[in-house]
Amino acid sequence: MINGFDIAPPLLTFVPYSPTMYRTHTCGELRLAHVGTEVTLSGWVQRNRDLGGMTFVDLRDRYGITQLSFNLEARPELTEQARKLGREFVLQVSGTVTERESKNPGMPTGDIEIRVTQLHILNASETPPFTIEEQSDGGDELRMKYRYLDLRRPSLQRQLMLRHNTAQAVREYLNSARFMEIETPFLIRSTPEGARDFVVPSRMQAGQFYALPQSPQTFKQLLMVSGYDRYYQIVRCFRDEDLRSDRQPEFTQIDCEMAFVDREDVIATFEGLLRHVFKQVKGIELPEFLRLSYDEAMERYGSDKPDLRFGMEIHDLTPLTRNEAFPVFEQAESVQAICIPGAAEWSRKQLDTWTDWVKRPQIGAQGMVWVKYAADGTLKSSVDKFYSESELQRWSSALSAQPNSLILVLSGSTTKVQKQLGTLRLAIADELGLRPNDTFCPLWVLDFPMFEFDEEQGRWFAMHHPFTSPYGADYEELRENPGAVRANAYDLVLNGSEIAGGSIRIHNREIQQTVFALLGLSAEEAEQQFGFLLNAFRYGAPPHGGIAFGFDRLCSILAGLDSIRDVIAFPKNNAGRDLMIDAPAEIDAQQWKELNLKPAK
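Worth saying up front: this structure is predicted, and the values here are computed from it rather than measured. (Residues numbered from 1 in each chain as written. Predicted model: local features only at pLDDT ≥ 70, side-chain atom pairs only at ≥ 80, totals over all residues. Heavy atoms only, no water.)

1. Focus on the overall build of the protein chain
Point 1. Of the regular secondary structure elements, the protein chain holds 17 helices and 22 strands.
Point 2. Principal-axis analysis of the C-alpha atoms places the extent of the protein chain at approximately 95 × 75 × 55 Å.
Point 3. Within the protein chain, the fraction of its 601 residues that count as buried is 46%.
Point 4. Summing over all exposed atoms, the protein chain offers an accessible surface of approximately 30,200 Å²; the carbon and sulfur share of this is 49%.
Point 5. The average position of the 65 basic charges and that of the 83 acidic charges among the side chains of the protein chain differ by 3 Å. (Helix = DSSP H or I, 4+ residues; strand = E, 2+ residues; numbered from the N terminus. Buried < 20%, exposed > 50% of the residue type's maximum accessible area, 1.4 Å probe, protein only. Areas by Shrake-Rupley, 256 points an atom, 1.4 Å probe, with all protein chains shown as cover. Lys, Arg positive; Asp, Glu negative; His and termini not counted. Charge placed at Lys NZ, Arg CZ, Asp CG, Glu CD.)

2. Description of the pairing of strand S19 (residues 459–462)
Point 1. Where strand S18 (residues 451–454) and S19 come together, four bridges link them in antiparallel fashion. Bridging from a neighbouring strand, Phe453 pairs with Trp460 of S19.
Point 2. What sits between the antiparallel neighbours S18 and S19 is a turn of four residues, in which Gly458 has the positive phi angle 65 degrees. (Pairing = 2+ DSSP bridges.)

3. Comments concerning helix H12 (residues 414–432)
Point 1. The terminal C-alpha atoms of H12 lie 27 Å apart, and with 19 residues this matches the ideal 27 Å at 1.5 Å per residue to within 8%.
Point 2. Residues of H12 that are buried in the fold lie against helix H7 (294–301), strand S13 (334–341), helix H10 (348–358) and strand S16 (405–412).
Point 3. Immediately downstream of H12, the backbone of Gly433 shows phi near 70 degrees, a positive value. (Expected span 1.5 Å × (residues − 1). Contact = heavy atoms within 4.5 Å.)

4. Overview of the pattern of salt bridges
Point 1. All chains considered together, the criterion is met by 36 salt bridges.
Point 2. Close ionic contact of Asp61 with Arg23 constitutes a salt bridge, the shortest N to O distance being 3.4 Å. Residue Asp61 is located in strand S2 (residues 54–61), and its partner Arg23 is located in the segment before strand S1 (38–50); the two are separated by 38 residues in the primary sequence.
Point 3. Its relative accessible area of 4% is what places Asp61 among the buried residues. (Salt bridge = Lys/Arg side-chain N within 4 Å of Asp/Glu carboxyl O.)

5. Regarding the sheet that holds strand S4 (residues 90–99)
Point 1. If you walk around this closed barrel you meet the five strands as S1-S2-S3-S5-S4, and the pairing is mixed. Recorded for the sheet is a direction-independent mean angle of 55 degrees between the axes of neighbouring strands.
Point 2. Two elements, strand S3 (residues 64–71) and strand S5 (residues 112–123), share two bridges in a ladder whose sense is parallel. Opposite Leu68, over in S5, you have Ile114 as the bridge partner.
Point 3. Across the sheet, helix H1 (residues 76–83) is in contact with S1, S2, S3 and S5; its angle to S5 comes to roughly 70 degrees. (Axes fitted to C-alpha atoms, helices over the stretch in contact; angles between N-to-C directions.)

6. Some thoughts on the packing of H10 against H12
Point 1. As a packed pair, H10 and H12 sit with axes 11 Å apart at the nearest point and diverge in direction by 140 degrees. By the angle class used here, H10 and H12 are oblique. Our pair here, H10 against H12, has a crossing hand that is right-handed. Residue-level inspection shows Trp354, Trp357 and Val358 of H10 in contact with H12, the latter providing Thr423, Leu424, Ala427, Ile428 and Glu431. (Parallel < 35°, antiparallel > 145°, perpendicular 65-115°, else oblique. Left-handed = near helix turned anticlockwise from the far one by under 90°.)

7. Re the environment of Gly458
Point 1. With respect to the helices, strands and loops of the structure, Gly458 is situated in the loop between S18 and S19.
Point 2. Sequence separation between Gly458 and Gly520 is 62 residues; the distance between their C-alpha atoms is 10.0 Å.

8. Remarks on the packing of H7 against H12
Point 1. Between H7 and H12, whose axes approach to 8 Å, the crossing angle comes to 65 degrees. On H12, the residues touching Met298, Glu299 and Tyr301 of H7 are Gln418, Lys419, Gly422 and Arg425.
Point 2. The residue makeup of the contact of H7 with H12, split by class, is two nonpolar, two polar and three charged. (Nonpolar A, V, L, I, M, F, W, Y, C, P; charged D, E, K, R; others polar.)

9. Some remarks on the confidence of the model for the protein chain
Point 1. Chain-level statistics for the protein chain give a pLDDT mean of 93 and a share of 96% at 70 or above.
Point 2. Per-residue pLDDT stays below 50 along residues 7–13; that stretch engages in four contacts with residues further than four places along the chain or on separate chains. (pLDDT = per-residue confidence, 0-100.)

10. Focus on helix H14 (residues 509–518)
Point 1. Considered for burial, the residues of H14 that qualify are Arg509, Gln512, Thr514, Val515, Phe516 and Leu518.
Point 2. Where H14 is buried, its residues contact S18, S19, helix H13 (477–480) and helix H15 (523–536).
Point 3. The backbone nitrogen of Glu510 lies 2.9 Å from a side-chain oxygen of the residue at the head of H14, namely Asn508.
Point 4. Once H14 finishes, Gly520 follows within two positions and takes phi at roughly 90 degrees, a positive value. (Polar contact = N/O pair within 3.5 Å; in protein donor to acceptor, adjacent residues only side chain to side chain.)

11. Examining the packing of aromatic side chains
Point 1. Scanning the model with the defined rule gives 19 aromatic pairs in all.
Point 2. A ring pair is formed by Phe453 and Trp460, whose centres lie 5.0 Å apart and whose planes are at 70 degrees; its orientation type is edge-to-face.
Point 3. For Phe453, a relative accessible area of 40% corresponds to the partly exposed category.
Point 4. Trp460 sits in the partly exposed class, given a relative accessible area of 21%.
Point 5. Connected via pairs of aromatic rings, a cluster forms that spans Phe326, Phe329, Phe386, Tyr387 and Trp395.
Point 6. Positioned above the aromatic ring of Trp370 is the side chain of Lys372, whose terminal nitrogen or guanidinium carbon lies 5.6 Å from the ring centre.
Point 7. In this structure, Arg459 is placed above the aromatic ring of Phe461, and the distance from its NZ or CZ to the ring centre is 3.9 Å. (Phe/Tyr/Trp six-rings, centres within 6.5 Å; stacked < 30°, edge-to-face > 60°. Lys NZ or Arg CZ within 6 Å of the ring centre and 35° of its normal.)

12. Here we look at the nonpolar core
Nonpolar side chains in soluble globular proteins generally cluster together in the buried interior.
Point 1. Core analysis: the largest hydrophobic core is formed by 42 residues, its most contacted members being Leu174, Phe270, Leu274 and Phe549.
Point 2. Per-element tally for this core: the top contributor is helix H6 (residues 263–282), with seven residues.
Point 3. Ignoring sequence-local partners within four residues, the contact set of Leu274 consists of Leu286, Phe289, Leu492, Ile499, Phe549 and Leu554.
Point 4. Counting 23 residues, the second-largest nonpolar core is a separate cluster that includes Ile338, Leu424, Ala427 and Ile428. (Core = buried A, V, L, I, M, F, W, Y, C linked by side-chain atoms within 4.5 Å.)

13. As for the sheet that holds S16
Point 1. The strand order S12-S13-S16-S14-S15 describes an open sheet built from five strands, whose pairing is antiparallel. The open sheet has two free edges, formed respectively by strand S12 (315–316) and strand S15 (379–381), since each of these has just one partner strand.
Point 2. Note: S13 against S16, eight bridges, orientation antiparallel. Note on S16: the bridge partner recorded for Gln336 is Leu410.

Structure follows, in structure tokens:
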């Protein structure tokens, strides 16, 4: 029994209703111009309102909501049936479009209603575990368990439509630029570089494994060798790594590669793509794409993906703080600061809170010095007994501080202080509401270091990936001074998120072998793992380069969301689990046997 209806056991007495047409219109398209029209609608019950002589039902599909009206005096049996309808019942109704007496200007169909003459229950529904509304009362975990219900909510429907429109705009632009969409394999060879692979055991080749691709990188380079000079793919990729709000174990890339191009060709092409997407999907003309070197981005913003929607740049105060009376600054490699306009009135409690915040293990600062530059021009600081007001004035001048501002100062090793201030800068901007989701500031970050040295392992790692070409002027440093080599790479950053990254690739066998050797691969290991690519370079590999956009992240920015989950139809939770289908899950004994595997003890 559900809402007064006897629900027969399925497959026994259920007789499906077979209409000639389930609907003539959607629930979002009827207007005053349709008054007098006989229509048929199908959808889900959003809500049911019994007002005595009249009963009103809101019927919903993904296009909108239409009000249905039932008159007890005119159609008593039909009205009694309507009163028993529960939320999320699936209906088909027929009737006449009429003008509403009480209009709803907040709803596109708010000027009309359907005077129902026929009602068919296509399927009953149990009461859902949360409300199917714009703002639901269900928590994240509950809504992910019942994701098929959550997807009925208008907000998610809009976000998935935005994702669809974004994909169409991408294809439209790339197709017009003579790119070919080509699929690459999902079952490939595992390689130890980069993030961890998801591996797939082979039943037919006992003891051997495929890997799911983290990227189609080598395949798209092989397509360039094959003469397909402009390739793209909106492709699923997989990484077995720890998750965050902007990470999923499976994600989607707009993966692109071009032959006979240099860095400027790639940058121009994909600036054009992003401009086209924003114009088509949001109706927005993006501003100028700025450019920063990696070093400049770190020095000014403490991040290689800086958010330019607000100022608060980092400034070096090291030469101005050398003072034997204050050994903390005297002994530090670097003393750096940010200035917060309008914050001179912050209380001591607020300042202590932020001091404790930067001392957390995640940030790692030893402490924080503050200077208040009051509206009347006076300066007061937490180090007044060590620095005179004239010295503090020089600090404020170095930061171009204005009256009624606050200076926050950290010290330590240069790299750590830059990152600490970069993180603090973003946290304060969030606190002050300086990162609006309807403002967009794109930039390119260039001239990354090609390698970074890991002290624990005592070897070099590729900062991007091992197929990135060295910057032309730095070829000579490759063997003698790897730390000085710049990568011919480029990241596209939008509002503090890296939305795309790419590089000009190595297309010369000898240079690729040299890079493999620097990364600790022996000639035999390089041949075993990447022999197919090295061999391809023997046969006329053209100069080539490419880029990959994080499609989920791009869609979340377009939608004004902080998390990528709600632009993905069926995401995983923070533990990498699909709560709806309960995956990952165990396999049975027969599958263990067929795959020649043994459970861990």
